[in-house]
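Here are the chains, one letter per residue:
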Amino acid sequence: MPEPLRAGVIGVGVMGAHHARVYGELPEAQLVAVADADEARLADVRWGGGVRAYQDYGKMLAEEALDAVSIAVPTRLHIDVALACIERGVPLLVEKPLAADLDECIQLKEAAERAGVTMMVGHIERYNPVVVAARQWIAEGKLGQIHEARMQRIGPFYERMRDVGVVHDLATHDVDILRVLFDCEVERVSAEVQSGVRTPYEDSLSAVLRLTSGIVASLEVNWLSPSKVRGFSVLCDQGTLVGHYIPQALTLELPSGESENIPLEHSEPLRAELEAFLSVARSNEPPPVTADDAIAVMRVVEALIESAKRGVALPIAGTS
Ligand SMILES: NC(=O)c1ccc[n+]([C@@H]2O[C@H](COP(=O)([O-])OP(=O)(O)OC[C@H]3O[C@@H](n4cnc5c(N)ncnc54)[C@H](O)[C@@H]3O)[C@@H](O)[C@H]2O)c1
């Protein structure tokens, strides 16, 4: 077993705290430092005695010899924090969305490439066993031809800092899942949003997407619904494949009315994601989720918002 990599986390709020916990659990890593602007967060006993805590992430990067860093600060801060890691040559995993807009995503891709620094993006659902198994079933042709997909990510609003709307924050997951499930890109979008209900940004999204493979997909994404649903259904020749990410359940509903449960090995997606990140941080091989993936997703996110603003269907540049 090689030496564990020295890992750090910048931004130990809701998501960053999970990164810190998982680094602490993985034999491939040793959590050595965390940074957060909020002193109360740093005082949390969960980081353990040996973990150094910094209010200034720049100081942490200067003082610690880190082999891998997770960035889980609010989305609009990703660009500055990621550029600081790239400048220091530290491999980085940036939470989704990679940055707040397309220009910033491209800037980060170019900076990481110029510096030869490994940068992975935290599209965590790729590591959900439901997505892993569905991808495999689809790739093996077990579902026959796919016709439509319905993606649902709805739930209540949790009070915490929001610096982007629900399209950037949540729909990014579903756009990326569509790309990987069906191994294609989004070609055209038509969307409607509601804004200003709980945040100054978009609070709900209803959209129809056409994929380059010809599949039609619908997106229902909001943080306005009392109950939380995170799932998809895929209409295909063999019936309907239904996936639920939280309980990690995958079922094929057959035309006969019966249904078949697809067995899955349940596991924590973040653990698999961080294992993959640590592996490329060590080997310097290309990451499994790249800046190009994040850029493709951000093109769709921005087109969804623009489509809603203008009331028209919009093509995605470079896909037709
Ligand atoms: N992959 C997922 O499923 C998932 C889930 C939740 C959040 N996220 C992403 O993670 C990021 C953080 O979201 P969150 O919900 O954890 O937010 P959060 O507000 O709970 O946490 C952000 C933390 O960053 C800290 N912070 C703010 N400015 C800082 C600075 N200058 N230096 C250091 N720390 C600073 C805050 O004090 C806070 O503790 C967002 O980009 C979000 O999109 C991803």
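Please read all numbers here as calculations on a predicted model, not as lab measurements.

Colleague: I would appreciate a short explanation of the sheet that holds strand 7 (residues 146-154) in the present structure.
Modeller: Consider a sheet: its strands pair through backbone hydrogen bonds, and that pairing is either parallel or antiparallel. Pairing is mixed across the open sheet formed by nine strands, whose spatial order is 14-13-12-11-7-10-9-8-15. Of all the strands in the sheet, the pair left with one neighbour each is strand 14 (259-261) and strand 15 (314-315). Bridge analysis of strand 9 (residues 202-211) against strand 10 (residues 216-222) gives seven bridges, and the strand direction is antiparallel. The partner of S206 across the bridge, within strand 10, is E220. Packed onto the sheet, helix 6 (residues 129-139) meets strand 7, strand 12 (239-244) and strand 13 (249-253) and runs at close to 155 degrees relative to strand 12. Most of the contacts of helix 9 (residues 291-310) go to strand 8 (residues 186-195), to which it runs at about 55 degrees, and overall it touches strand 8, strand 9 and strand 15.

Colleague: I tried to follow unusual backbone geometry on my own but got confused; where do I start?
Modeller: Among all residues save glycine, negative phi is the norm, and among peptide bonds the norm is trans. In this structure, the amide linkage connecting K96 to the following residue, P97, adopts the cis form with an omega of -15 degrees. Looking at the element boundaries, P97 is found in the loop between strand 5 (92-95) and helix 5 (102-115). A positive phi angle, near 50 degrees, is found at D183, a position not held by glycine. Residue position: D183 is located in the loop between helix 7 (166-182) and strand 8.

Colleague: Where do I start with the pairing of strand 12 in this structure?
Modeller: Successive side chains on a regular strand alternate, one facing one side of the sheet and the next facing the other. Relative to strand 12, strand 11 (residues 229-236) runs antiparallel, the two sharing six bridges. Across the sheet, the residue bridging to C236 is G239, located in strand 12. The turn linking strand 11 back onto strand 12 is made up of two residues. Summarising the sheet, strand 12 and strand 13 pair through five bridges and their orientation is antiparallel. Each residue of the ladder has a partner; that of V242, found in strand 13, is T251.

Colleague: Even after reading the chapter, I still don't get the packing of helix 7 against helix 9, so can you show me in this structure?
Modeller: Any two packed helices are characterised by the angle at which their axes cross and by the distance between the axes. Packing of helix 7 against helix 9 leaves a shortest axis separation of 9 Å and a crossing angle of 120 degrees. On the basis of their axis angle, the class for helix 7 and helix 9 is oblique. Once helix 7 is placed against helix 9, the crossing between them reads as right-handed. Of helix 9, the residues touching helix 7 (which contributes V167, H168, A171, T172, V175, D176 and R179) are D293, A296, V297, V300, V301, L304 and I305. Per-class residue counts for the contact of helix 7 with helix 9 are nine nonpolar, two polar and three charged.

Colleague: What exactly am I supposed to notice about the site of the ligand here?
Modeller: Close to the ligand lie 25 residues; G11, G13, M15, D38 and E95 are nearest. A domain split of the shell around the ligand shows at least three residues from each of domain 1 (5-124) and domain 2 (125-269 + 300-315).

Colleague: What is the right way to read the environment of V32 from this model?
Modeller: As for its position among the elements, V32 is in strand 2 (residues 29-35). Ignoring anything within four residues of it in the chain, the contact list for V32 reads R6, A7, G8, V51, R52 and E64.

Colleague: I tried to follow the domain arrangement of the chain on my own but got confused; where do I start?
Modeller: How big an interface is tends to be expressed through the accessible area that disappears when the partners come together. Segmentation of the chain into domains returns domain 1 (5-124) and domain 2 (125-269 + 300-315). Using only C-alpha atoms to locate each centre, domain 1 and domain 2 end up separated by 27 Å. The residue inventory of the side of domain 1 that touches domain 2, partitioned by class, reads six nonpolar, two polar and three charged.

Cut-offs used in this document
- Residues numbered from 1 in each chain as written.
- Predicted model: local features only at pLDDT ≥ 70, side-chain atom pairs only at ≥ 80, totals over all residues.
- Pairing = 2+ DSSP bridges.
- Helix = DSSP H or I, 4+ residues; strand = E, 2+ residues; numbered from the N terminus.
- Contact = placed C-beta atoms within 7 Å.
- Axes fitted to C-alpha atoms, helices over the stretch in contact; angles between N-to-C directions.
- Parallel < 35°, antiparallel > 145°, perpendicular 65-115°, else oblique.
- Left-handed = near helix turned anticlockwise from the far one by under 90°.
- Nonpolar A, V, L, I, M, F, W, Y, C, P; charged D, E, K, R; others polar.
- Near = placed C-beta within 6 Å.
- Domains from an automatic or database assignment.

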